[in-house]
Every structure is written in structure tokens, then in C-alpha cells.
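# Structural features, examined
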Amino acid sequence: MYPYLFHLHSLPSYIVLICIGILAALILYRILAFKVGISEESFRFYGVIFIVSIGLGFVFARLFQMLYNYIETGEVGTGITFLGGLVGGVATFFVLILIFGKKYRNELFKTVNVAMPCIALGHCLGRIGCFLAGCCYGAKTDSFLGVKFVDYITSSGEWIYFDTPRMPTQLIEAIFLLLLCIALILFIFRLDKLDFLAVAYLYSYSVFRFLIEFVRDDPRGAFILGLSPSQIICIIMFIGAVVLNVLLIRRKTANQSSPTE
């Protein structure tokens, strides 16, 4: 754990890594938008929409975490959660497009798919921030992967560690997200495939996150049938991926069967 960069309380590792993640995601979005031929005007418009959506996504991330905390302890507590931010950010994005984006909707499909590896990259760096901060830790383990995380910090500033090492689920997820980001980028640069990037992201992350939740052990509470709130969201994400997949297949089939002039 390394909660403060250079031991400066003004540089909390978690916040710094989140900011770096957002910046890296926006830079990658610029590179990929150029690769797939998104116009400069659309790039600027969607760039603004992304930034606004990210900002409001943090608000939703906090609200979801407050719900998690309340389920577990009866208090709103502190912290944020990625899935809450993702749901809120995506909802904000499409509401803004519905209101302001009529002129740019012809490039919406490209933009959404290009955003997938960017989200994965930003999330990857954010998870590294989680590891440095010591949140989102995993279950107790005796394996060589175990890391000793801080249970709490005393009023005098002394770190009190858990008795047993825990799985570094944050790093496991960061590695997965990095590999997912690379795979999605390769689909664009090597295979020139764009249509199913959003589906691939939704399938991959929802399944991975659903499974890794069984290994996590930070207090967030059970919600329905012993599943955590994040697992319920993952199930919804997976169903959404199935529906989107079916719609894309039907669209592709219709385009192939339509007569050409």
C-alpha cells in the first residue's frame, strides 16, 4: 500500500491515478477516433460529452457507494464504486446525445465502440489506485499472492494491518482490464473490426466482475439472493450485451440481404 505519493497528503494515490486514468482514456480516444475516421467536429462534440458524463459519473459512483454502505452498515459512509459511475455516466451520455446530439448521431455508433478500450484503460489505472489506497481488497489467503492491507488507521496515524494477507483483487482486475483494452485495440488496428466492441466489453467485464466479486471481501453488503449489488448490475449488463448482440446481428443480416444498386 502507498496511499500518498511521495508521502504527501496533498497527493492521494487513488485520486492521482484516477486523474491519470481519465487523461489516458481521453488521449486514447483521440488516437482511435482518428483511426476509425470520426470527423474532427464530432470528435470535439463527443469529447465534451464524455467529460461531462465522466464528471456526473463520479456523482453516481458516490451515490451507489452510499447505497452499498447503507445496506451493509446503515450509514452512508465514504468511497465510490466504478459500476455506479459507469451506469450513471453512460445514462448521462445518452441523455445528452438525445438532447444535443441530433447533428452528430450518424457517428454515434463509431464513437460508442471506440470508447470501450478507453474505458478499460482508465478503469485499469483507477484499480491500481485502489490497490495503493488499500480499498477493494480480496479475501484472506495463504498463497504467495497475499498482500497485507491496512484494517484501520488510529487517531495517532498508526497503521493497523489485517492479521492475514488478502488477495490483491485490485491488481488482478487491473491486469484483466489492461488485457481487455489491448484486445479491443487490436480488433481496431489489426482486424479493422469495430461493430462488436461494445458487446465484447459488456460480455467480458460483466462476467469477470461477477466472478471476482466472490473473491472480494471488503464490506459492501449482500443485496439479492446473497449476491452483492455489483453482481446484480453485472447480470443486467450481461443481459444488455445479449440484447445488443442480437440487434447487431439482425442489423448485419438485414444489410447483407438488402439489394445493392
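Residues numbered from 1 in each chain as written. Predicted model: local features only at pLDDT ≥ 70, side-chain atom pairs only at ≥ 80, totals over all residues. Heavy atoms only, no water.

## What to know about the overall build of the chain
Along the chain, the regular secondary structure elements total seven helices and two strands. Starting at the N terminus and walking to the C terminus, you meet the elements of the chain as α-α-α-α-β-β-α-α-α. Computed over the C-alpha atoms, the radius of gyration of the chain is 20 Å, within 12% of the 18 Å expected from 2.2 N^0.38 for a compact globule of 261 residues. Expressed along its principal axes, the backbone C-alpha trace of the chain runs to roughly 75 × 40 × 35 Å. By sequence separation, contacts in the chain at least 24 residues apart represent 68% of the contacts at least 6 residues apart. When the accessible area of the chain is evaluated, it comes to approximately 14300 Å², of which 69% is carbon and sulfur surface. (Helix = DSSP H or I, 4+ residues; strand = E, 2+ residues; numbered from the N terminus. Rg over C-alpha atoms; globule rule 2.2 N^0.38 Å. Contact = heavy atoms within 4.5 Å. Areas by Shrake-Rupley, 256 points an atom, 1.4 Å probe, with all protein chains shown as cover.)

## Some points on a nonpolar patch on the surface
Residues Val48, Val52, Leu56, Val59, Phe60 and Leu63 make up a contiguous nonpolar surface patch of roughly 460 Å² in combined accessible area. Relative to the helices and strands, Leu56 resides in helix 2 (residues 40-73). Look at Leu56 and you get partly exposed, because its relative accessible area is 38%. (Patch = residues over 30% accessible without salt bridge, like charges linked within 9 Å, V, L, I, M, F, W, Y side chains within 5 Å. Salt bridge = Lys/Arg side-chain N within 4 Å of Asp/Glu carboxyl O. Buried < 20%, exposed > 50% of the residue type's maximum accessible area, 1.4 Å probe, protein only.)

## Overview of unusual backbone geometry
Within the chain, Cys136 stands out as a residue other than glycine whose phi angle is a positive 60 degrees. Note on placement: Cys136 falls in the loop between helix 4 (108-133) and strand 1 (150-153). Using a relative accessible area of 13% as the deciding quantity, one classes Cys136 as buried.

## Considering the packing of aromatic side chains
Applying the stated criterion across every chain yields a total of 15 aromatic pairs. Aromatic rings pair up to connect Tyr29, Phe43, Phe45, Tyr46, Phe50, Phe93, Phe94 and Tyr104 into one cluster. Above the plane of the ring of Phe162 lies Arg166, whose end atom (NZ or CZ) is 4.0 Å from the centre. Seen from the ring of Phe109, Arg251 lies directly overhead, with NZ or CZ sitting 4.6 Å from the centre. (Phe/Tyr/Trp six-rings, centres within 6.5 Å; stacked < 30°, edge-to-face > 60°. Lys NZ or Arg CZ within 6 Å of the ring centre and 35° of its normal.)

## Digging into the packing of helix 4 against helix 6 (residues 197-212)
At a closest axis distance of 7 Å, the pairing of helix 4 and helix 6 adopts a crossing angle of 30 degrees. The orientation of helix 4 with respect to helix 6, classified from their angle, is roughly parallel. Residue-level contacts link Val112, Asn113, Met116, Ile119, Ala120, His123 and Arg127 of helix 4 to Leu197, Ala198, Tyr201, Tyr205 and Arg209 of helix 6. Partitioning the contact of helix 4 with helix 6 into residue classes produces eight nonpolar, two polar and two charged. (Axes fitted to C-alpha atoms, helices over the stretch in contact; angles between N-to-C directions. Parallel < 35°, antiparallel > 145°, perpendicular 65-115°, else oblique. Nonpolar A, V, L, I, M, F, W, Y, C, P; charged D, E, K, R; others polar.)

## A short note on the nonpolar core
If you look at the biggest cluster of nonpolar residues, it comprises 54 residues, and the most contacted ones within it are Tyr29, Tyr46, Phe93, Met116 and Tyr201. Of all the elements in the fold, those that place two or more residues in this core are helix 1 (13-36), helix 2, helix 3 (82-100), helix 4, helix 5 (169-189), helix 6 and helix 7 (229-257). Looking at this core element by element, the count peaks at 12 residues for helix 4. In this structure Met116 touches Leu184, Leu197, Ala198 and Tyr201, once residues within four positions along its chain are discounted. (Core = buried A, V, L, I, M, F, W, Y, C linked by side-chain atoms within 4.5 Å.)

## Topic: helix 1
An α-helical turn contains 3.6 residues, so any two residues separated by three or four positions project in the same direction. End to end, helix 1 covers 34 Å across 24 residues, agreeing with the expected 34 Å (1.5 Å per residue, within 8%). Residues of helix 1 that are buried: Ser13, Val16, Leu17, Ile18, Gly21, Ala24, Ala25, Leu28, Tyr29, Leu32, Ala33 and Val36. Close packing links the buried residues of helix 1 with helix 2, helix 4 and helix 5. Where helix 1 terminates, the next one or two residues include Gly37, which has phi positive at roughly 85 degrees. (Expected span 1.5 Å × (residues − 1).)

## Quick look at the pattern of salt bridges
Evaluated as defined, the whole model comprises seven salt bridges. Ionic pairing is found between Arg209 and Glu213, a salt bridge with its closest N-O pair at 2.8 Å. In this structure, Arg209 and Glu213 share a single accessibility class: buried. Here the residues in one salt-bridge network are Arg30, Glu40 and Arg44, joined through shared partners.

## Observations regarding the environment of Leu32
Tracing the sequence through the fold places Leu32 in helix 1. For Leu32, a relative accessible area of 0% translates into the label buried. As for Leu32 and Phe189, which are separated by 157 residues in sequence, their C-alpha atoms are 8.9 Å apart. Ignoring anything within four residues of it in the chain, the contact list for Leu32 reads Val114, Pro117, Cys118, Ile188 and Phe189.

## So, the environment of Leu178
Mapped onto the fold, Leu178 is located in helix 5. By relative accessible area, Leu178 is classed as partly exposed at 38%. For the pair Leu178 and Arg62, spaced 116 residues apart in sequence, the C-alpha to C-alpha distance is 24 Å.

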